[in-house]
Amino acid sequence: MKPITLDGKECYVITKDVFDDLLENAMISRRAKSKTGLCDRNTAMDILGCSLTTFYARLKEKGCLIKKGSVHGTYLISSVEKERDRNR
């Protein structure tokens, strides 16, 4: 597939079938991520901006809003975000 130049910008022409496939794949991926609402420990630490030691210390604090997910080693993203906002 060769690009064409329109107004000095390189553009690609795709068929409607290819566009529909790309759109469908993007929507499937988006639904799968938001449907679970879970994240692993590393993602939770990134959201909170803390180290491993600090993360576990927060989990042990009284009044911690972080809730464990139903899958081993996961946490609810919404609860991690609430904890982040609580400590700001």
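Every value quoted in this text rests on a predicted model; they were computed, and no experiment measured them. (Residues numbered from 1 in each chain as written. Predicted model: local features only at pLDDT ≥ 70, side-chain atom pairs only at ≥ 80, totals over all residues. Heavy atoms only, no water.)

### Looking at the packing of helix α2 (residues 41-48) against helix α3 (residues 52-60)
Put simply, the rule is: A fitted line through C-alpha atoms represents every axis, and for helices the fit uses only the stretch in contact; the resulting angles, taken between N-to-C directions, go from 0 to 180 degrees. Working definition: helices are DSSP H or I runs of at least four residues, strands are E runs of at least two. Numbering for both runs from the N terminus. We call two directions roughly parallel when the angle between them is under 35 degrees, roughly antiparallel when it is over 145, roughly perpendicular when it lies between 65 and 115, and oblique otherwise. What makes two residues a contact is simply this: any of their non-hydrogen atoms within 4.5 Å.
Taken N-terminus to C-terminus, the directions of α2 and α3 make an angle of 90°; their axes are 10 Å apart at the nearest point. Between α2 and α3, the interaxial angle falls into the category roughly perpendicular. Only Leu52, Phe55, Tyr56 and Arg58 of α3 make contact with α2, whose side of the interface consists of Arg41, Ala44, Met45 and Leu48.

### Let's talk about the packing of α2 against helix α4 (residues 77-86)
Relative orientation and spacing of two packed helices are given, respectively, by the angle between their axes and the distance between those axes. Using the following cut-off: Crossing chirality is assigned from the near helix's rotation relative to the far helix, an anticlockwise turn below a right angle marking it left-handed and a clockwise turn marking it right-handed. Side-chain classes follow a simple rule in which Ala, Val, Leu, Ile, Met, Phe, Trp, Tyr, Cys and Pro form the nonpolar group, Asp, Glu, Lys and Arg form the charged group, and the remainder, Gly included, forms the polar group.
Between α2 and α4, the shortest axis-to-axis distance is 9 Å and the interhelical angle comes to 25°. Taken together, α2 and α4 sit at an angle that is classed as roughly parallel. Crossing handedness for the pair α2 and α4: right-handed. Here Ala44, Ile47 and Leu48 of α2 lie close against α4, whose contacting residues are Val80, Glu81, Glu83 and Arg84. Across the contact of α2 with α4, the residue classes tally to four nonpolar, no polar and three charged.

### A few points about α2
What counts, and what does not: Exposure classes here rest on a 1.4 Å probe applied to the protein chains alone. A residue is buried below 20% of its type maximum, exposed above 50%, and partly exposed in between. Directions are taken from the helix axis to each C-beta atom, and the arc is the one they span.
Every buried residue of α2 is accounted for by Ala44, Met45 and Leu48. In a view along the axis of α2, the buried residues occupy a sector of 100°, so they form one face of it. In the segment just after α2, glycine 49 is the residue with positive phi, at about 70°.

### Considerations on the confidence of the model for the protein
Rules: In predicted models, pLDDT denotes the confidence assigned by the predictor to each residue on a 0 to 100 scale.
Looking at the protein, the pLDDT average stands at 87 and 92% of residues meet or exceed 70. Here helix α1 (residues 16-36) is the element of the protein with the lowest mean pLDDT, 79, and α3 is the one with the highest, 95.

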